[in-house]
Every structure is written in C-alpha cells, then in structure tokens.
Amino acid sequence: MGQQQLNLPEYQLKTKKEAGKTKVFDFIRKKWIVLTPEEWVRQSFIHYLVEECSYPASKIGVEVSVHINQKALRADAVVYDSYGDVVMLLEFKAPSVSITETVFSQIADYNTKIGAQYLLISNGMTHYCASVATKGISLMDSIPVYNEIIIPNTAK
C-alpha cells in the first residue's frame, strides 16, 4: 500500500484506487476517504482501539464538530460512554509531524468545550494518553481499555 509502518499492530485496511487517488474505507463513518498520512494513522489507531482495547465501534465518532469561540472545528475522533457523553478526545497527526506542545494545546483547547476525561494524541509512532482532572492533566502509562474509561461514569 506504500504507507509507513506505524508503531501499532498492522491491520488489513480496505483500500481502493479511484480517480488516481488511494482511498481507505472508514468503517466508523461507513464511507471511502482519501488516504492521507494522517488518515492512515487515524484508521490504524481506531482499529487498534476496537480490536485490542475493546472499544465498541458504535461508541466512536470521527470528525465530530466542535464550536469554540463561534468557530466550527472538527475533533479527529471522540469516544462516547453509554450515556452519549464524550469521555475521550483523540487527535491524530501524520507520522512526519512531531507531537509538540502546540499539539497538546490544540487538544486542550478543544477539550475546554468538550470536557472529556481522557485525551489521546498519536502520530502513529508515538502515542500519548492523559487523564484530565480538576488538578490538571496527567500522562498515563498506557492506552486504557474501554471499560477502564467508562467505569467512573457509571455513577451518573
């Protein structure tokens, strides 16, 4: 397929050539998307969450609209709990893009509107997951499985 090997298990993503462009089937949105390096990371990481971390595909939203200061932005992906609340906000970058303080600021800005308890950033090579609490943001040692991120929300 010509895409860079990522620091994730390798998944057999459905691809096709159309009008000279490679497209990938997004199984969440159920449509074909142009396969950019960032999309390669997003699709691979979402497969990782579903297949390795037991995230239900039905609880993942891709390119979700977020309004910040009257400006419409799109979150790369979100994870919902069983109440329909966003519990995790995800930001993906191409493998060639370093994850910098600017990237963390971007996801933190989005989260001021969304209020997710977890933030996840990946460029396919390096992955960061953080929990958000009133005391601040704490980096986690690993990517939690779905049941670990929704258990605190069951007390609603």
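This text goes with the structure placed above it.
The rules behind these values
- Within each chain, residue numbers correspond to sequence positions counted from 1 in written order.
- In keeping with the model being predicted, local features are shown solely for residues with a pLDDT of at least 70 and side-chain atom pairs are shown and tallied solely at 80 or more, while totals for entire chains, interfaces and linings include all residues.
- With hydrogens and water excluded, all non-hydrogen atoms of the structure serve as input to the side-chain values.
- Between any two strands, at least two bridges found by DSSP are needed for them to pair.
- Working definition: helices are DSSP H or I runs of at least four residues, strands are E runs of at least two. Numbering for both runs from the N terminus.
- A pairing counts as a salt bridge when a side-chain nitrogen of Lys or Arg comes within 4 Å of a carboxyl oxygen of Asp or Glu.
- We call a residue buried when its accessible area falls under 20% of the maximum for its residue type, exposed when it is over 50%, and partly exposed in between, using a 1.4 Å probe and counting protein chains only.
- Any pair of Phe, Tyr and Trp rings, taking the six-membered ring for Trp, is counted once the centres come within 6.5 Å. Such a pair is stacked with planes under 30 degrees apart, edge-to-face with planes over 60 apart, and tilted for the rest.
- Only Lys NZ and Arg CZ are tested; either one counts as a charge over a ring when it is within 6 Å of the ring centre and within 35 degrees of the ring normal.

## What about the pairing of strand 8 (residues 127-133)?
Both strand 7 (residues 118-122) and strand 8 contribute to a ladder of five bridges, which runs antiparallel. Looking at strand 8, one finds that Ile 121 is bridged to Tyr 128. If you look at the hairpin formed by strand 7 and strand 8, you'll find four residues sitting between the two strands, and Gly 124 has a positive phi there, around 85°. In sequence, strand 8 turns back onto strand 9 (residues 136-139) through a hairpin of two residues.

## Notes on the pattern of salt bridges
Counted by the stated rule, this structure contains seven salt bridges. For Arg 29, the salt bridge identified is with Asp 26, shortest N-O distance 2.5 Å. Among the residues examined, Asp 26 registers a relative accessible area of 0% and is labelled buried. A network of salt bridges, in which partner residues are shared, links Asp 26, Arg 29, Glu 39, Arg 42 and Glu 63.

## A few points about the packing of aromatic side chains
As enumerated under the stated definition, the model contains five aromatic pairs in all. Their ring planes at 65° and their centres at 5.5 Å tell us that Tyr 55 and Tyr 146 sit as a pair that is edge-to-face. With a gap of 91 residues between them, Tyr 55 in the loop between helix 1 (37-52) and strand 4 (60-68) and Tyr 146 in helix 3 (residues 146-150) connect regions that are remote in the sequence. An aromatic cluster of three or more residues is present, and its members are Phe 45, Tyr 48 and Phe 92. Taking NZ or CZ as reference, Lys 14 lies 4.9 Å from the ring centre of Phe 25, over its face.

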